[in-house]
Amino acid sequence: MKNRYIIGLALFLAIFVASCDQDLLDIKQKSALSLDDYYATAGPKEAEGLIAAVYNRLFNNIYGISSTLFLDILSDDHHAGGASFSDMANNYQEAHNMIATSQTGNFRSMYNNCYQVIYWCNLILERIPESDNATIKRVKAEADFIRALCMFELVRWFGTPPFVDHVLSTDEYNMPNGDPAVIIPWCLERMQSAADALPALSGIGQQEAYGARISKHGALAYKGKVALWYGTRYNDAEILGQAVEPLKTVVNSNLYGLVDDMFTISRKAADFSKEYVFEHNSADNNGYSRNQSDLRQTWMNLRPENMAIPDDIYMLGWGWCAVSGEFGEFLEAHEGGIEKPRFKSTIHTYEQILAKEYTLSAVPPGISTGIAHNQGYFRYRNILFKEDLYTDITGWYQFSAANYHYMRYAEVLLMYAEAKFLVDNDADGTGLAALNQVRVRAELAPLASMTYQDIKDERRAELWGEHERFFDLVRWGDAAEALKDKGKTWYTFWGYKEGTTEWDIRTREGTGSGWDTRGKYKVFPFPYQQLSANPNLVQNKYW
């Protein structure tokens with residue numbers, strides 16, 4: 001797939017969708033191909049371009065900066081960060097203070113982008129003729145999976161989103177709320193169907209040869225994830241029971257494994273590694289490089305306005321999605337210290353930051369001015385390491401070429417452990433074995449038995465910054481306690497107190513409201529704009 005071809009297809013679709021309600025589209029133009037004709041005559045090359053545009057929108061919009069950082073900041077493991085407590089970029093302070101509204105832009109963008117991708121997938125499924133061609137079959141299976149993934153995310157975010165499983169006619173635009181008890185079984189069915197049609201990796205470590213696309217076992221992993229989430233969130237034993245087999249199939253496939261070096265996770269060195277079950281190729285054949293637009297590592301990087309930047313980290317960063325002191329303390333206790341590989345590859349203490357090389361810094365190591373939303377711990381994963389930068393980009397703004405992973409094999413193992421524990425109390429011990437794989441890689445002693453709290457703690461330690469913590473707290477029923485004081489205290493870190501090595505953490509009263517005891521945040525609000533346009537859509541309770 002050539003870059004220009006993919007970008008052209010994406011532009012074509014965007015222009016068409018933005019203009020689809022204009023009467024002028026009914027006029028046949030000379031030398032112009034209608035949407036129906038384009039899909040009806042699409043061959044393998046055109047189908048590849050269409051699905052590539054879908055993948056790019058999945059990465060840039062649905063799992064882009066606005067949604068992923070927003071979810072992390074909602075959890076107890078992160079503070080908003082940024083330049084100050086009043087920095088309102090991307091509504092992240094609203095997430096930190098739990099004061100979002102139906103007009104918060106993150107909800108609107110997630111809602112709109114999911115349905116946009118579903119529309120594109122439905123076009124591929126309905127308008128491209130059925131074919132014995134392997135490429136077209138694969139593209140259709142990918143579209144089937146991705147639309148199910150989007151419907152799942154809509155349910156996780158909004159609870160009762162309109163259920164769209166086909167290209168809507170004009171008289172169907174104002175759809176009512178959907179029923180998650182109907183939508184989720186459909187998602188599971190479509191993911192299984194996609195898995196049945198998709199190829200598998202040819203062997204362990206063959207992700208690059210396969211490509212940054214969903215595979216047979218990737219689709220099964222997500223089927224397990226959907227069943228586990230819904231089964232625990234809605235206390236549905238029947239759906240929960242459907243999580244075990246697909247996850248077991250992935251584990252037993254021997255096509256995936258844990259990388260030995262945890263410091264490579266989210267780094268370019270881990271691109272197409274055996275641990276990545278589903279990833280976005282940030283470097284090749286995706287329309288980026290010189291046209292790169294994803295700045296997620298810059299958003300989360302250390303802030304040079306506040307501190308000296310170590311030699312191996314690029315000197316541009318905005319400090320969003322900061323580490324909460326609560327998570328830092330949890331991880332230190334869980335790992336048994338701050339020198340274990342999972343701790344150091346995930347976050348650093350102030351002392352660990354000071355111990356790095358600063359030969360290129362114009363200022364001495366340390367804090368030059370107070371850092372808002374900081375309690376002495378610093379992000380060390382998914383930041384802008386110089387070694388990972390594109391080599392063909394000039395200018396001040398630089399971009400990481402590291403692939404972005406949607407799911408790691410570590411998450412598969414932890415989901416399998418949880419599903420086995422809940423479904424049959426891990427009767428055969430394979431769930432515990434899966435959990436211990438994750439622990440041993442982190443240089444922790446294997447457990448002889450496991451409790452639900454063991455599983456929860458391992459997920460928290462392993463999946464920090466991977467956008468699952470908030471949804472975990474909600475589905476486990478732990479959010480009310482964990483988030484009760486969210487945003488009520490603001491922290492500023494000033495390095496060491498004068499003449500000591502004691503952290504200088506200053507507090508002030510915040511404007512956060514904490515978790516709404518009515519359970520308001522169990523689902524997010526439907527966007528105000530959608531409610532205004534659709535009289536059949538009912539807003540979620542308390543919003």
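The following refers to the structure shown.

**Examining the overall build of the protein chain**
No. 1: Looking only at helices and strands, the protein chain features 22 helices and nine strands.
No. 2: For 543 residues, the compact-globule formula gives about 24 Å, and the C-alpha radius of gyration of the protein chain, at 23 Å, lands near that figure.
No. 3: Across its three principal directions, the C-alpha atoms of the protein chain cover 80 × 55 × 50 Å.
No. 4: The 543 residues of the protein chain split such that 60% are buried.
No. 5: For the protein chain, long-range pairs separated by at least 24 residues make up 72% of all intrachain contacts whose partners lie at least 6 apart in sequence.
No. 6: Per element, the accessible surface of the protein chain, about 21700 Å² overall, is 50% carbon and sulfur.

**A word on the packing of helix α3 (residues 44-62) against helix α7 (residues 134-158)**
No. 1: Remark: α3 packs on α7, axes separated minimally by 9 Å, with the N-to-C direction vectors making an angle of 25°. Between α3 and α7, the crossing angle belongs to the class labelled roughly parallel. Considering the relative orientation of α3 and α7, their crossing is left-handed. On α7, the residues that touch Pro 44, Ala 47, Glu 48, Ile 51, Val 54, Tyr 55, Leu 58 and Ile 62 of α3 are Thr 135, Ile 136, Val 139, Glu 142, Ala 143, Ile 146, Leu 149 and Cys 150.
No. 2: Looking at the contact of α3 with α7 residue by residue, the class counts come to 13 nonpolar, one polar and two charged.

**Description of the pattern of salt bridges**
No. 1: This model, assessed by the stated rule, comprises 42 salt bridges.
No. 2: A salt bridge links Asp 76 to Arg 469; its shortest N-O distance comes to 2.9 Å. Placement of the pair is Asp 76 in the loop between α4 (65-74) and β1 (78-81) and Arg 469 in helix α20 (residues 469-476), with a sequence separation of 393 residues. Across the pair, Arg 469 and Asp 76 agree in class, each one buried.
No. 3: Across the salt bridge formed by Lys 488 and Asp 485, the nearest N and O atoms sit 3.7 Å from each other.

**Here we look at the environment of Phe 524**
No. 1: Assignment of secondary structure puts Phe 524 in the loop between β9 (503-509) and α22 (528-533).
No. 2: Separated by 365 residues in the primary sequence, Phe 524 and Gly 159 have C-alpha atoms spaced 7.6 Å apart.
No. 3: With residues near it in sequence (within four places) discarded, Phe 524 still touches Leu 71, Leu 74, Phe 107, Trp 157, Phe 158, Phe 470, Asn 540 and Trp 543.

**Some thoughts on the packing of aromatic side chains**
No. 1: Overall, the coordinates contain 47 aromatic pairs when judged by the stated rule.
No. 2: Their ring planes at 50° and their centres at 5.2 Å tell us that Tyr 63 and Tyr 406 sit as a pair that is tilted. Here Tyr 406 lies in strand β7 (residues 404-408) and Tyr 63 lies in the loop between α3 and α4, a separation of 343 residues in the sequence.
No. 3: Taking relative accessible area as the criterion, Tyr 63 reaches 10% and is therefore assigned buried.
No. 4: Lying over the aromatic face of Tyr 404, Arg 296 brings its terminal NZ or CZ to 4.0 Å of the ring centre.
No. 5: Cation over ring: Lys 456 sits above Tyr 452, and NZ or CZ is 4.9 Å from the ring centre.

**Here we look at unusual backbone geometry**
No. 1: A positive phi angle is found at Asn 235, which is not glycine, with a value near 50°.
No. 2: Here Asn 235 is to be found in the loop between α10 (216-233) and α11 (237-241).
No. 3: The phi dihedral of Asn 254 falls on the positive side, at around 60°, and the residue is not glycine.
No. 4: Structurally, the position occupied by Asn 254 is in the loop between α12 (244-252) and β2 (276-280).

**Some points on α4**
No. 1: The buried fraction of α4 amounts to nine of the ten residues, a majority that puts the element mostly inside the structure.
No. 2: All of the buried residues in α4 are Ile 65, Ser 67, Thr 68, Leu 69, Phe 70, Leu 71, Asp 72, Ile 73 and Leu 74.

**Describing the nonpolar core**
No. 1: By size, the foremost hydrophobic cluster in this structure holds 130 residues, and its most contacted members are Phe 145, Ile 146, Val 412 and Phe 470.
No. 2: Top element by residues in this core is α7. It accounts for 15 residues.
No. 3: If you look at the next biggest cluster of nonpolar residues, it comprises 15 residues, including Ala 308, Ile 353, Ile 383 and Phe 385.

**Concerning the side chain of Asn 540**
No. 1: Here Asn 540 is to be found in the segment after α22.
No. 2: Here Phe 524 takes part through its backbone oxygen, which lies 2.7 Å from a polar atom of the side chain of Asn 540.
No. 3: Once you skip the residues sitting within four places of it in the chain, Asn 540 turns out to touch Phe 158, Thr 160, Val 523, Phe 524, Pro 525 and Phe 526.

**A short note on the sheet that holds strand β5 (residues 371-372)**
No. 1: Across the sheet, which stays open at both edges, the three strands sit in the order β5-β8-β9 with antiparallel pairing between neighbours. Of all the strands in the sheet, just β5 and β9 have a single pairing partner and so form its edges.
No. 2: Looking at chain direction, β5 and strand β8 (residues 489-496) are connected through two bridges and run antiparallel. Its bridge partner lying in β8, Ala 372 is registered against Thr 492.

**Notes on the packing of helix α14 (residues 325-335) against helix α19 (residues 452-462)**
No. 1: Orientation of α14 relative to α19, taken along the N-to-C sense of each, is 115°, at an axis distance of 10 Å. As judged from the angle between their axes, α14 and α19 are roughly perpendicular. Along this stretch, α14 crosses α19, giving a crossing that reads as left-handed. Contact residues: Glu 326, Phe 327, Phe 330, Leu 331, His 334 and Glu 335 in α14; Asp 457, Glu 458, Arg 460 and Ala 461 in α19.
No. 2: A class-by-class count of the residues in the contact of α14 with α19 yields four nonpolar, one polar and five charged.

Procedures and definitions
Residues numbered from 1 in each chain as written. Predicted model: local features only at pLDDT ≥ 70, side-chain atom pairs only at ≥ 80, totals over all residues. Heavy atoms only, no water. Helix = DSSP H or I, 4+ residues; strand = E, 2+ residues; numbered from the N terminus. Rg over C-alpha atoms; globule rule 2.2 N^0.38 Å. Buried < 20%, exposed > 50% of the residue type's maximum accessible area, 1.4 Å probe, protein only. Contact = heavy atoms within 4.5 Å. Areas by Shrake-Rupley, 256 points an atom, 1.4 Å probe, with all protein chains shown as cover. Axes fitted to C-alpha atoms, helices over the stretch in contact; angles between N-to-C directions. Parallel < 35°, antiparallel > 145°, perpendicular 65-115°, else oblique. Left-handed = near helix turned anticlockwise from the far one by under 90°. Nonpolar A, V, L, I, M, F, W, Y, C, P; charged D, E, K, R; others polar. Salt bridge = Lys/Arg side-chain N within 4 Å of Asp/Glu carboxyl O. Phe/Tyr/Trp six-rings, centres within 6.5 Å; stacked < 30°, edge-to-face > 60°. Lys NZ or Arg CZ within 6 Å of the ring centre and 35° of its normal. Core = buried A, V, L, I, M, F, W, Y, C linked by side-chain atoms within 4.5 Å. Polar contact = N/O pair within 3.5 Å; in protein donor to acceptor, adjacent residues only side chain to side chain. Pairing = 2+ DSSP bridges.

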